Amino acid sequence: VQLVESGGGLVQPGGSLRLSCAASGFTFSVYSMSWIRQAPGKERELVALISGTGGITDYADSVKGRFTISRDNAKNTVYLQMNSLKPEDTAVYYCSADRSTLNHRRGRPDYWGQGTQVTVSS
């Protein structure tokens, strides 16, 4: 199993970034996917979650209306579009996979990527 994130970087407040996560080694369409972030000195936070079909999504209150999670099952890829970025969005963003959405919510998904750094600063 491999999850490879890309698209992180440095962006000014108010800017946008699109993260991608390419998955391999498992049947992508039957797994729910999530983006989880961790900032220095802070607890891990489930940012966004999407079901296997993409029909169900959920977001942390801190990002609702600004972030959008989506997936392309033909490409085995999940995305996180981040708009109106704020300095408090600065964190390492991890892509994760699990067949159970409950495990994502518990912070215990089966598979994790290596993470990509997002820094929001002027």
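Every value quoted in this text rests on a predicted model; they were computed, and no experiment measured them. (Residues numbered from 1 in each chain as written. Predicted model: local features only at pLDDT ≥ 70, side-chain atom pairs only at ≥ 80, totals over all residues. Heavy atoms only, no water.)

So, the sheet that holds strand β7 (residues 67–72)
Across the sheet, four strands lie side by side as β1-β3-β8-β7; this open sheet has antiparallel pairing. What marks the edges here is a single partner per strand, and that holds for β1 (2–6) and β7. Each strand of the sheet is rotated relative to its neighbour by a mean of 15°, with strand direction disregarded. Strand direction decides the pairing type here: strand β3 (residues 17–24) and strand β8 (residues 77–82), joined by six bridges, are antiparallel. Its bridge partner being in β8, C21 is matched across the sheet by V78. (Pairing = 2+ DSSP bridges. Helix = DSSP H or I, 4+ residues; strand = E, 2+ residues; numbered from the N terminus. Axes fitted to C-alpha atoms, helices over the stretch in contact; angles between N-to-C directions.)

Re the nonpolar core
If you look at the biggest cluster of nonpolar residues, it comprises 30 residues, and the most contacted ones within it are M33, W35, V78, L80, M82 and Y93. Counting residues per element, the ones that place at least two in this core are β3, β4 (32–38), β5 (45–50), β7, β8, β9 (91–98) and β11 (116–120). Discounting chain neighbours no more than four positions away, the residues touching L80 are L17, R18, L19, W35, V47, A48, F67, T68, I69 and Y93. (Core = buried A, V, L, I, M, F, W, Y, C linked by side-chain atoms within 4.5 Å. Buried < 20%, exposed > 50% of the residue type's maximum accessible area, 1.4 Å probe, protein only. Contact = heavy atoms within 4.5 Å.)

Section: the pairing of β3
Within a regular strand, side chains alternate between the sheet's two faces. With five bridges joining them, β1 and β3 adopt antiparallel strand pairing. Bridge assignment links V4 to a residue of β3, and that residue is A22.

Things to note about the environment of E88
Assignment of secondary structure puts E88 in the loop between β8 and β9. Classification of E88 as partly exposed rests on a relative accessible area of 49%. Along the sequence, E88 and K75 sit 13 residues apart, while their C-alpha atoms lie 31 Å from each other.

Some remarks on the pairing of β9
Summarising burial for β9: six of the eight residues are buried, a large majority. Sheet analysis places β4 next to β9, joined by seven bridges and oriented antiparallel. Pairing of S32 across the sheet is with D98, part of β9. As paired strands, β9 and β11 are joined by three bridges and run antiparallel to one another. In the sheet register, A91 faces β11, and the bridge partner there is V118. Direction of pairing for β9 relative to strand β10 (residues 111–112): antiparallel, over a ladder of two bridges. Paired with S96 across the two strands is W112, which belongs to β10.

Thoughts on the state of the cysteines
All told, the structure shown has one disulfide when counted by the stated rule. Two residues, C21 and C95, share a disulfide whose sulfurs are 2.1 Å apart. Taking the torsion about the sulfur-sulfur bond, which here is approximately -75°, the covalent link between C21 and C95 counts as left-handed. Remark: C95 occurs in strand β9 and C21 occurs in strand β3; sequence separation between them is 74 residues. (Disulfide = S-S within 2.5 Å.)

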